[in-house]
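Reading the structure
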Amino acid sequence: MQKRLFLLGLLWVAVLQCAYAQLGGRSAFSFLQIPTHARVAALGGINISSGLEEVNAVTENPALLQGKTNRHLSFTHLNYLSDISQNNVQYTFDHAKYGRNAVGVQYLDYGAFTQRDAAGLEEGSFNVRDYVVTLSHASTIEHFTVGGTLKGAVSNIAGNQAFATAIDLGGTFKHPQKELIVGVAIKNLGLMLKPYDGGDREPLPLDVQLGVSYKPEHAPFRLSVTGHQLHKWDIVYLDPNQKGTINENNEEVKEEKSFGDQLARHFVVGGEFLLSQNFQLRAGYNHLRHQELVQENAGGMAGFSFGSSIRIKAFRFDYSYAKFHVAGAGHYLTLTTDLNSFLSKAPEL
């Protein structure tokens, strides 16, 4: 009981800190915001209230570390833009003394870059890589679950390393009769322990999120709506160098921020079509991504994402396609298995 009260208290303190946070400029370690598995990528990239039976859901909200996910192992490969790739491994386990836990490793490789001197002459090549190690714990009190994730992150640019530590805090409420889940999460609450050589410490990509998922009774679908960046109202960026339109008086009119667009950029919508226990289809829309990456004369699919899931015995395969820009998209492939099927006689920890 004391441990559960401590988690609740820590979550409340973090909410108060975020309510008074003053954010400005750019954040470091932005790779912490990249979706880590196919399911959430298909649902628009952000979802903190769906996936109780999903081992990877803990990466979105540590309070989703519940359900029948003991001894589940998952591996995700992301074929990102250009030659950038990401791999993520997640494992959940129950401990007789320490309760429900999960560990994860995330590895992001940006590929090789040509190194040149001040005169532009080629001197060789260098690599850029990012790493994250996570440890999560969750505890349930009746219909409420609270959880936390401790993160250790390393960013390596040609041997120049920066280190950071952060925590994710989350909570969920599961309706006792209906398939309704409400989630709240505070992501990447932490600091840069060591900046890059010659650089300054920068803030991490803090994000306060609130989401709800609902499956109507007897309906073969689940809908989710997630609000993000709730600690900061204005997340619209207007390029000051962008030319405006010319009105009837031959005057240039610059684009202005509208209330509707500012509000919509805070929300991500996702849907899951539960065709059977072994086959699902998914789709999502991220308005912020759409507005920032869409091009006027090059189609409007930026911000949309699609995916599917198929289960064959003890294995589940998830695939998603997330459109970012006319220049490319992200392809996620996640393989998940229940190790209990292979270790049914293994003793409990």
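The structure displayed is predicted, hence computed values, not measured ones. (Residues numbered from 1 in each chain as written. Predicted model: local features only at pLDDT ≥ 70, side-chain atom pairs only at ≥ 80, totals over all residues. Heavy atoms only, no water.)

Another point: the side chain of T337. Tracing the sequence through the fold places T337 in strand β16 (residues 328–338). Beyond its immediate chain neighbours, meaning those up to four positions away, T337 contacts R71, H72, L73, A314, F315 and F342. (Helix = DSSP H or I, 4+ residues; strand = E, 2+ residues; numbered from the N terminus. Contact = heavy atoms within 4.5 Å.)

For the rest of this paragraph, the subject is the packing of aromatic side chains. Taken as a whole and assessed by the stated rule, the structure comprises seven aromatic pairs. Between W233 and F259, the ring centres sit 5.6 Å apart and the planes meet at 35°, which makes this aromatic pair tilted. Linking W233 in the loop between β9 (221–227) and β10 (245–246) with F259 in helix α3 (residues 259–264), this pair joins segments that are 26 residues apart in sequence. On the basis of relative accessibility, which here comes to 40%, the residue W233 falls in the partly exposed class. When its relative accessible area of 59% is taken as the criterion, F259 is described as exposed. (Phe/Tyr/Trp six-rings, centres within 6.5 Å; stacked < 30°, edge-to-face > 60°. Buried < 20%, exposed > 50% of the residue type's maximum accessible area, 1.4 Å probe, protein only.)

Across 11 bridges, the pairing between strand β6 (residues 160–174) and strand β7 (residues 179–194) is antiparallel. From the neighbouring strand, I167 faces β7, where its bridge partner is L189. Here β7 runs beside strand β8 (residues 207–215); their pairing, made up of nine bridges, is antiparallel. The residue bridging G183 from the neighbouring strand is G211, located in β8. (Pairing = 2+ DSSP bridges.)

This part is about the side chain of S49. With respect to the helices, strands and loops of the structure, S49 is situated in the loop between α2 (38–42) and β1 (72–79). A polar contact of 2.7 Å, which involves the side chain of S49, links it to the side chain of S213. The residues contacting S49, other than those within four sequence positions of it, are L64, I181, G183, G211, V212 and S213. (Polar contact = N/O pair within 3.5 Å; in protein donor to acceptor, adjacent residues only side chain to side chain.)

By the element assignment, F304 lies in strand β14 (residues 304–312). The class for F304 is partly exposed, based on a relative accessible area of 27%. In the structure, F304 is positioned 18 residues away from A322 in sequence and 6.3 Å away in space, judged by C-alpha atoms. Excluding residues that lie within four positions of it along the chain, F304 makes contacts with G284, Y285, H290, Y321, A322 and K323.

The subject of this paragraph is the pattern of salt bridges. Two side chains that carry opposite charge are able to pair once their charged atoms sit near each other. Going through the model one piece at a time under the given rule, you end up with 11 salt bridges. For D234, the salt bridge identified is with K257, shortest N-O distance 2.7 Å. Highlighted residues: D234 in the loop between β9 and β10 and K257 in the loop between β11 (252–253) and α3, separated in sequence by 23 residues. Given the relative accessible area of 29%, D234 is considered partly exposed. Residue E272 is joined to R282 by a salt bridge in which the shortest nitrogen-to-oxygen separation is 3.8 Å. With a gap of 10 residues between them, E272 in strand β12 (residues 267–276) and R282 in strand β13 (residues 279–286) connect regions that are remote in the sequence. Each of R39, E54, R222, E272, R282, R316 and D318 takes part in salt bridges that share partners, so that together they form one network. (Salt bridge = Lys/Arg side-chain N within 4 Å of Asp/Glu carboxyl O.)

When pLDDT is averaged across the chain, the result is 86; 84% of the residues are at 70 or more. For residues 1–25, every residue scores under 50 in pLDDT, and the model assigns this stretch 28 contacts once sequence neighbours within four places are set aside. (pLDDT = per-residue confidence, 0-100.)

The subject of this paragraph is unusual backbone geometry. Positive phi outside glycine occurs at Q229, with the angle close to 55°. Position of Q229 among the secondary structure elements: in the loop between β9 and β10. By relative accessible area, which is 15% here, Q229 ends up buried. For K313, which is not glycine, the phi torsion reads 55° and is therefore positive. Within the secondary structure, K313 is located in the loop between β14 and β15 (315–325). Classification of K313 by relative accessible area gives exposed; the value is 80%.

Moving on, we get to the nonpolar core. Ranked by internal contacts, the top residues of the largest apolar core, which has 21 residues, are F29, F31, I34, Y80 and Y332. At the level of secondary structure, the elements contributing two or more residues to this core comprise α2, β6 and β15. Ranked by residues supplied to this core, first place goes to β6 with three residues. Other than its neighbours up to four places away in sequence, Y332 contacts I34, P35, T36, H37, A38, A41, T76, H77, L78, D318, Y319 and S320. (Core = buried A, V, L, I, M, F, W, Y, C linked by side-chain atoms within 4.5 Å.)

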